[in-house]
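Per-entry structural report
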Amino acid sequence: MSTPTARATFTRLTRLETHLALPAEGPARAPRRDAGTGAREVLEQVLRDALTGAPCYVLFSGGRDSSALLALATHVARADGLPEPVPVTVRHPQAPESDETSWQELVLEHLRLREHVVLEFHGEQRLLGEVATAALLRRGPLWPEAVQLQGAVYGHLDPGTVISGEGGDLVLDGQRAGDLRAALAMTRPRRRHLRRGLRAARPGALRRHELRRRAADLTPPWLRPPAAEAYLRQVLAMSAEPLRWDAATRAVVRSRPMVVAMDNFEAGIAEYGSRPVTPFTDLRVVDALAAEGGPLGLGDRTAIFRRLFHDVLPDRVLARRSKASFNSTRWGPQEREFARSWDGTGLDAEWVDPVALRAAWLEEDPHPAADFLLHVAWAHAHGVPAWAEEAP
C-alpha cells in the first residue's frame, strides 16, 4: 500500500466559509475554451491523453458517470491500440444501501474487460477513520470532506493516471432550460410539464423570493441567526443560474464551490503520485458541450447520456435513475463517540450552536454539512488550524 509522498496544493476555506461549510460564490474567472469540435470528440481526446499514462485507472462505482467514462475510455483504447483502462471499485459489505454490484457487473460484462480492481472496505472510509485523521493532521480540514477519505483508495494503486467522473452529476444535467425545452418541444404538453417550464422561466427575483420563503428548510439547524443569514445569501448567490442552458453549463464549473471541490479532489490524487483526469469538469469538454447544446440544451440527463454514449453502453445503464447511498460508510462508533465527548470548542459560538450541532451528529442520518464540521471540530481538538487566515 502506497503512502502520500508527492507535494500537492490544497485550497482551504476562510473562517466564515468554514463555519457555513460552504465556499462563497464568486465570479467566473476561467475564459471559454472552445475546441471547435463536438463534445464527444473532445471527451475522446481527453481520455486518449489519459490512457497514455499507464497504468490508467477509472474510479468505477457503477453509476452513470463512471460507467460512461469507463466505457468510452475502453472504446478509445481498443480503437487506438492503447492499454485498456483498469476499473477500480470500492465495496462496503456492511452498508447494503451502497451496493451497486449488479450495475457494475452489467457494465463489465458488456465491456469484457480483463482486469478489475475491487477494494472491500470495512470502515476505512469513515469520517474519523485512520485514513481521514491522518489526512486531517497533514492538511487540516478540506471541503468537501470526502477528499480526506479517498486516500483509502489511492493507497492501493500504483502511480499512474486516475480518471474520475467527479462533477458529472452537475455538468451533464438539463439545468433550468431542460424543463423549458421539454415543455416547448411537446405538441400537447401535459400540465406538469407546463408547470415545470413556467417555474424554470421565472425571473430571478421570484426564484430568490421562493428560496427565502423556504429559508428554515434550507438552513442547517445549528446556525445562529447571523450565520443562517450569511448561509442563505450564499445559497441565493448559487441559485442565480442563467436560464440559457449553454451559459448555465459553462457557469457551473466556474463557480467557486465547484472550483474548490475539484482543486482539492485532484490534489488528493496528485498527493499519491498519480495524475488526476476529470473529463466532466475539463473546460474543453464543458465548453464544447455548451456550444453543442445552445440556449435550450440537449434535453434531460438521460438524453445527454444517450447522445454522448449510446454506442458504448446499454440503454438500461444510460437511462438509470437510481443512486446508491454512502452515508452509513462515513458514520460509525468512533464518530458518534467523538460527538458525545466533544467539548463544544473549535467553532464560534456566536455562529454555531454546539448543542444543536452535536444533536445533528448523533442523528441516524446526519445533515450533509455536519460531516465537514466534524472534521473541523476534530482538527481543533488536535491542535490543527481549521481554516485559512486570509480571504481567497
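The structure presented is a predicted model; accordingly, all values stated were derived computationally and were not measured.

1. A look at the overall build of the chain
Helix and strand counts for the chain come out as 20 helices and 5 strands. By the burial criterion, 52% of the 392 residues in the chain qualify as buried. Across the chain, contacts joining residues at least 24 apart in sequence account for 82% of those joining residues at least 6 apart. For the chain, the exposed surface amounts to about 18300 Å²; the carbon and sulfur share of it is 51%.

2. A short note on the pattern of salt bridges
According to the stated counting rule, one finds 24 salt bridges in the structure shown. When the shortest N-O distance is used, the salt bridge between E17 and R256 registers 2.9 Å. Placement of the pair is E17 in helix α1 (residues 15–20) and R256 in helix α14 (residues 256–270), with a sequence separation of 239 residues. Comparing E17 with R256, the two get one shared label, buried. Across the salt bridge formed by R114 and E84, the nearest N and O atoms sit 4.0 Å from each other. Note that R114 is positioned in the loop between α4 (101–111) and β3 (117–120) and E84 in the loop between α3 (64–80) and β2 (86–91), a separation of 30 residues in sequence. Looking at R114, the relative accessible area reads 73%, which means it is exposed.

3. With respect to the environment of A68
Relative to the assigned elements, A68 resides in helix α3. The class for A68 is buried, based on a relative accessible area of 0%. Excluding residues that lie within four positions of it along the chain, A68 makes contacts with F305, F309 and L313.

4. Re the sheet that holds strand β4 (residues 161–163)
Note on sheets: strands pair through backbone hydrogen bonds, and any given pair is parallel or antiparallel. With respect to topology, 5 strands assemble into an open sheet ordered β3-β2-β1-β4-β5, the strand pairing being parallel. Two strands bound the open sheet, and with one partner strand each, they are β3 and β5 (275–277). Between one strand axis and the next, the sheet turns by 25° as a mean value, whatever way the strands run. Of the strand pairs in this sheet, β4 and β5 are connected by 3 bridges, and their pairing is parallel. What sits directly across from I163, in β5, is V277.

5. Some thoughts on the side chain of R40
Summarising the element assignment, R40 is placed in helix α2 (residues 39–51). At a separation of 2.9 Å, a polar atom in the side chain of R40 contacts the side chain of D311. Once residues within four sequence positions are removed from consideration, R40 is found in contact with L72, H75, L308, F309, D311 and V312.

6. A look at α4
Within an α-helix, residues lying three or four positions from one another point in the same direction, as the helix has 3.6 residues per turn. For α4, the complete set of buried residues consists of T101, W103, Q104, V107, L108 and L111. Each buried residue of α4 sits inside an arc of 160° when the element is viewed along its axis, so together they form one side. Away from its buried face by more than 90 degrees, α4 exposes S102 and E109. Packing partners of the buried residues in α4 comprise α3, β2 and α17 (315–318).

7. With respect to unusual backbone geometry
Residues A54 and P55 are joined by a peptide bond in cis, for which omega reads -5°. Along the chain, the position of P55 falls in the loop between α2 and β1 (56–59). In this chain, W143 is followed by P144 through a cis amide linkage whose omega measures -5°. Mapped onto the elements of the fold, P144 is located in the loop between α5 (130–139) and α6 (151–154). Positive phi outside glycine occurs at R112, with the angle close to 55°. Structurally, the position occupied by R112 is in the loop between α4 and β3. Exposure remark for R112: the relative accessible area of 59% places this residue in the exposed category.

8. Focus on the nonpolar core
The tendency in soluble globular proteins is for nonpolar side chains to be buried as a group. Grouped together as the largest cluster of nonpolar side chains are 45 residues, with contacts concentrated most on L43, I163, L172, L289, L308, F309 and L313. Breaking this core down by element, the ones donating at least two residues are α2, β1, α3, α4, α13 (245–254), α15 (283–293), α16 (301–309) and α17. For this core, the leading source of residues is α3, giving 8 residues. If sequence neighbours within four positions are ignored, I163 has contacts with L47, A50, C56, Y57, V58, L59, L69, V277 and P279.

9. Quick word on the pairing of β3
Note: β2 against β3, 4 bridges, orientation parallel. Residue pairing across strands places V88 opposite V117, the latter belonging to β3. Once you follow β2 into α4 and on to β3, the crossover reads as right-handed.

10. Brief notes about the confidence of the model for the chain
Within the chain, residue pLDDT values average 88, and 86% of them lie at 70 or more. Predicted confidence for residues 183–189 stays below pLDDT 50, and this span has 6 contacts to residues more than four positions away or in other chains. Within the model, the stretch residues 193–203 combines pLDDT values under 50 with 18 contacts to residues more than four positions away or in other chains.

Calculation notes
- Residues numbered from 1 in each chain as written.
- Predicted model: local features only at pLDDT ≥ 70, side-chain atom pairs only at ≥ 80, totals over all residues.
- Heavy atoms only, no water.
- Helix = DSSP H or I, 4+ residues; strand = E, 2+ residues; numbered from the N terminus.
- Buried < 20%, exposed > 50% of the residue type's maximum accessible area, 1.4 Å probe, protein only.
- Contact = heavy atoms within 4.5 Å.
- Areas by Shrake-Rupley, 256 points an atom, 1.4 Å probe, with all protein chains shown as cover.
- Salt bridge = Lys/Arg side-chain N within 4 Å of Asp/Glu carboxyl O.
- Pairing = 2+ DSSP bridges.
- Axes fitted to C-alpha atoms, helices over the stretch in contact; angles between N-to-C directions.
- Polar contact = N/O pair within 3.5 Å; in protein donor to acceptor, adjacent residues only side chain to side chain.
- Arc of directions from axis to C-beta.
- Core = buried A, V, L, I, M, F, W, Y, C linked by side-chain atoms within 4.5 Å.
- Right-handed = clockwise from strand over helix to strand, strands pointing away.
- pLDDT = per-residue confidence, 0-100.

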